[in-house]
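Secondary and tertiary structure notes
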Amino acid sequence: MSYHPVASSRDLAGRHVFQACLLGQDIALWRADDGTVNAWENRCPHRGVRLSLGVNLGDRLMCRYHGWRYDSGSGACSHIPAHPEGPIPATLCARRFPVIEAGGLVFVALGDDTAALPTLPETAIPLRALPVGRPAEAIAAALAGAGLAAAGPLHFAETQGGATVHLLIQPASGTTCVIHGLADMSAEALPLQRHMSRLMESRRRAWEARP
Amino acid sequence: MIALHDYDLSAEGYAVRLFLALLGLDYRLLPVEFYPAREHEGEEFRALSPMASLPVLVDGDLVLTEVAGILSYLAARHGGADWYPAGDAAQLGRIGDGLALSARLAATAGAVRLADGMMLPLDGAAARAEAKRLLRVIDERLWFGEAAGDDWLCPGPRPSIADIACFPHIVLAEEGDIPLIDYPAIRRWLDRVRRLPGFVVMPGVFGA
């Protein structure tokens, strides 16, 4: 499994837990106060409650249900409120996925494969990501059909407002995807971000209107 | 003392309880069993409020039956400049827009949650589709707000009653099978509301 974009760096706000879905796998993404980005299966090993409902404590993630705490980085359970003195088995651990932050986006791989990231511009600015109620393949076909240059199966580029815009498609579920945008520019980004948000909203309306 | 006729699972009622808590106001809570007894449709309650809806706020001779009216009154009466920007016509207009938006959320996300939980008749698919359209618009607004350094539904450094009115319907949307995964800016905004000093919860809503 190769790396796919699941969020922008900006999405991982302080003490927030971001929820993503990649190829049907629900993921809890959170940034520790030291900057470490964690991508975990969105499921507490204890009772299966979504960790994205939990609390980002800065160095640990606390599940809402019984307050079990999991360490940033290792994912190891380090505190069980009902057994404050009890030994915690070393195997009790949040399931982690490989995660890389690059070019303003956060990429996750579901396997241990260290396949290369897409080639990204160095000065790119993330655009507002757009969830679409259509499969990734259908959107890739639509973008190719609209004449965008393909840089990979789920990676397209076009010129908008004088900048090169990269569109990277995150296959979310079997029926949905999220389009992450990167604008290769260092100038004032907001006008282009607004333009692209409107353009992508308009494209989404057209894509979703089709049966 | 302010009296609030309310039902503890009511999202609209929660908006009022939340704002009363943020303002630090004492009030008397008068529970009305919305489900299954449907006490709000009884003759006794209709004598107080012909709208037969919850919540109802009573303050002296004043009886208010809509969240927009109740929050506007409390903001103007008790909220000071923080919650009622009396001289700022544009901001008052934006807050009015936000209150109307909360009514649209109530009629869609709010209605489908109640219909699911209390077996009320509703075209759930249509309500969810319209709720999704509203949430997309709100998410875009909040995303660009963040980009401009604004944390709230209306521009400016402080939350407004528009945030308070919209919050319950959005934070409880998943109870109506409307997932929030596709609205990351909304999810961050929910965190910010939860962190307001004085924030209170209701069943189904977690604190910060």
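Residues numbered from 1 in each chain as written. Chains lettered and ligands numbered in written order. Predicted model: local features only at pLDDT ≥ 70, side-chain atom pairs only at ≥ 80, totals over all residues. Heavy atoms only, no water.

On to the UniProt feature "domain: GST N-terminal" (unreviewed entry) in chain B, then. In this numbering, the UniProt entry assigns the feature "domain: GST N-terminal" (unreviewed entry) to residues 1-82 of chain B. Taken end to end, residues 1-82 of chain B has its terminal C-alpha atoms 23 Å apart, with 41% of it in helix and 21% in strand. (UniProt positions renumbered as here; feature names shortened; annotations may be inferred. Helix = DSSP H or I, 4+ residues; strand = E, 2+ residues; numbered from the N terminus.)

Between chain A and chain B, the residue contacts involve 28 residues of the former and 18 residues of the latter. At the boundary of chain A with chain B, total buried surface from both sides reaches about 2,200 Å², with 47% on carbon and sulfur atoms. On the chain A side of the interface with chain B, the three residues burying the most area are Arg10(A), Arg64(A) and Arg128(A), jointly 30% of the side's total. If you look at where chain A meets chain B, you find six salt bridges. For Glu174(B), the salt bridge goes to Arg50(A), with nearest N and O atoms at 2.9 Å. Put simply, chain A and chain B have 12 residue pairs in polar contact (both at pLDDT 80 or more) between them. Taken together, the elements giving at least two residues each to the side of chain A that touches chain B come down to strand 2 (17-22) and helix 2 (190-209) of chain A. Considering every element that reaches the side of chain A that touches chain B, the biggest residue donor is helix 2 of chain A, with eight residues. A per-class count over the side of chain A that touches chain B returns nine nonpolar, seven polar and 12 charged. (Contact = heavy atoms within 4.5 Å. Buried area = accessible area lost by both parts, 1.4 Å probe. Salt bridge = Lys/Arg side-chain N within 4 Å of Asp/Glu carboxyl O. Polar contact = N/O pair within 3.5 Å; in protein donor to acceptor, adjacent residues only side chain to side chain. Nonpolar A, V, L, I, M, F, W, Y, C, P; charged D, E, K, R; others polar.)

Residue and element names in this part refer to chain B. Looking at the assigned domains, one finds that chain B contains domain 1 (2-82) and domain 2 (86-194). On a C-alpha basis, the centres of domain 1 and domain 2 stand 20 Å from each other. On the side of domain 2, 16 residues touch domain 1, which itself brings 18 residues to the contact. Each partner contributes to the roughly 1,400 Å² buried at the junction of domain 1 and domain 2, and carbon and sulfur atoms together form 75% of this total. Of all residues in domain 1, Ala-11, Tyr-35 and Asp-82 give up the largest surface area on contact with domain 2, accounting jointly for 31% of the area buried on that side. Summed over the shared surface of domain 1 and domain 2, the result is one salt bridge. The partner of Arg-158 in a salt bridge is Asp-82, and the shortest N-O contact between them spans 3.9 Å. There are one residue pair in polar contact (both at pLDDT 80 or more) connecting domain 1 and domain 2. Put simply, the parts of the chain that give the side of domain 1 that touches domain 2 at least two residues each are helix 1 (11-23) and helix 3 (67-78). No other element matches helix 1, which puts seven residues into the side of domain 1 that touches domain 2. (Domains from an automatic or database assignment.)

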